[in-house]
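Take a look at the letters that make up each chain.
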Amino acid sequence: MAYLERASPTLKETLLKIYRAEKPIEVDQHFHEFGSIQYHIKYSVSDPDIVHVSTSTLLETQGAVTLKEISSHTYEVITNIAVGVIDIVDPPRLGFQLTLALHLDNIPRGKGDSQAMNNNNNRPIRIVYHPSEPFYVFKQPEKITAVFPMNFKDNSDVVIATSFFQELVEVGSQKEMGKAPQCSWSPIPPLQLRGEPVQDLTTNSGFVSFDITSRHVEGKRLDKTVWNLLNFYAYVKYHIKCSRGYIQRRMRKRMDSLVKLLDNTSLEDEADHQKENGRCNYVKEFVKVPKGKLMMKQRCKEMTRRVKISKFRIKINGCARFRFNQRWIFLPKFSSKPSNKSSYTKLD
């Protein structure tokens, strides 16, 4: 249940009526507000300087209605509100948790007091629907503004949320969205939140504001508007979660496509490399000459050169195995019976 730090409109109206009355009037009024909160105002002509205000909050447990206990912190806050003006009556009125005695004679009268009351009426109301997620509501001419301080732990959530808020403001400013509450976003808090707790005004994603007009709270729209405001934090978290999942799916899909592209490129390069290597090997094999034949040819050339420059008749063992072209070398005719004058030189 939301805890509302706000004043009771009926209580305020009744107390102002008693305070501004020219003559003391008899008041004994009992009423309920916000479902489980009840008030009792007692003002007697016999004691025109003191107004007794009693209040209690009912708690329903297992079909039985009991009174909630008031903490010591609450008593401390009450005693520090206005010293000498508000006193705690002990014991309280029967059936109530707390009874206060307001000393009207100690309340200053004049323009300054009226201005202070008006300023107090315009102060923001701090609402805590979810733990550690407060937001503020304050009244402006012809509208009520709700301000949400936005904080996120992860840097990625801050980026997604900031982008979402800016897009929300842009979409809300379109003509088709004229009936929706006007939305605005700012990295700094509005001026109306000055003096509020520092921990609430320290954010990393700025402040989102909605302007609620009378048409947004007419009839059945009131429940829907209140529900949307109370669950705005949950809606933003859901949007961030969905956006993060969408981005991760797109990144995985993109990575898979890049991996496939790289694999296809590697296969094509390998196929081209194999083709080039195959052509080179084919050319090499085509022009390759056996080493034995190459050496034999070189020896034949060397031998032919020596024979050409030789002035002696020589004998070459195993020369019959070669078929020399007559254009290369001329071999003289040898007789079967050498003469005595003839001599041979053996060629190694």
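Placed above this text is the structure.
Residues numbered from 1 in each chain as written. Predicted model: local features only at pLDDT ≥ 70, side-chain atom pairs only at ≥ 80, totals over all residues. Heavy atoms only, no water.

Draft legend 1. Examining the pattern of salt bridges more closely. A full pass over the atoms with the stated rule returns 6 salt bridges. Of the charged contacts in the structure, one is a salt bridge between Arg244 and Asp157, with a shortest N-O distance of 2.1 Å. Remark: Asp157 occurs in helix α4 (residues 155-172) and Arg244 occurs in helix α7 (residues 232-287); sequence separation between them is 87 residues. Owing to a relative accessible area of 29%, Arg244 belongs among the partly exposed residues under this scheme. Classification of Asp157 by relative accessible area gives buried; the value is 12%. Taken together, the shared-partner salt bridges in this structure form one network comprising Asp154, Asp157 and Arg244. (Salt bridge = Lys/Arg side-chain N within 4 Å of Asp/Glu carboxyl O. Helix = DSSP H or I, 4+ residues; strand = E, 2+ residues; numbered from the N terminus. Buried < 20%, exposed > 50% of the residue type's maximum accessible area, 1.4 Å probe, protein only.)

Draft legend 2. Main features of the nonpolar core. Phe148, Met150, Phe165, Phe210, Phe232 and Val236 are the most contacted members of the largest nonpolar core, which has 22 residues in total. Sorting the residues of this core by element identifies β9 (133-140), β10 (143-149), α4, β12 (207-212), α6 (221-230) and α7 as the ones contributing at least two each. Among the elements that make up this core, the one with the highest residue count is α4 (5 residues). Contacts of Phe165, omitting those with residues within four sequence positions, involve Met150, Trp185, Ser205, Val208, Phe232 and Val236. Ranked by size, the runner-up nonpolar core spans 17 residues in total, among them Tyr19, Phe31, Val85 and Leu98. (Core = buried A, V, L, I, M, F, W, Y, C linked by side-chain atoms within 4.5 Å. Contact = heavy atoms within 4.5 Å.)

Draft legend 3. Representation of the side chain of Gln38 within the structure. By the element assignment, Gln38 lies in strand β3 (residues 37-43). Looking at Gln38, the relative accessible area reads 9%, which means it is buried. At 2.7 Å, the side chain of Gln38 and the side chain of Ser56 are in polar contact. (Polar contact = N/O pair within 3.5 Å; in protein donor to acceptor, adjacent residues only side chain to side chain.)

Draft legend 4. Here's a closer look at the packing of aromatic side chains. This structure, assessed with the given rule, holds 8 aromatic pairs. On the numbers, 4.8 Å between centres and 50° between planes, the contact of Phe148 with Phe232 is tilted. Taken as a pair, Phe148 in strand β10 and Phe232 in helix α7 lie far apart in primary sequence, 84 residues in all. There is no split in this pair, since Phe148 and Phe232 are both buried. Between the aromatic rings of Phe164 and Tyr235, the centroid separation amounts to 6.0 Å while the plane-to-plane angle is 55°, which identifies the pairing as tilted. Here Phe164, found in helix α4, pairs with Tyr235, found in helix α7; they are 71 residues apart in sequence, far enough to count as distant. Look at Tyr235 and you get partly exposed, because its relative accessible area is 45%. An aromatic cluster is present here, built from Phe135, Phe148, Phe210, Phe232 and Tyr233 joined pairwise through their rings. (Phe/Tyr/Trp six-rings, centres within 6.5 Å; stacked < 30°, edge-to-face > 60°.)

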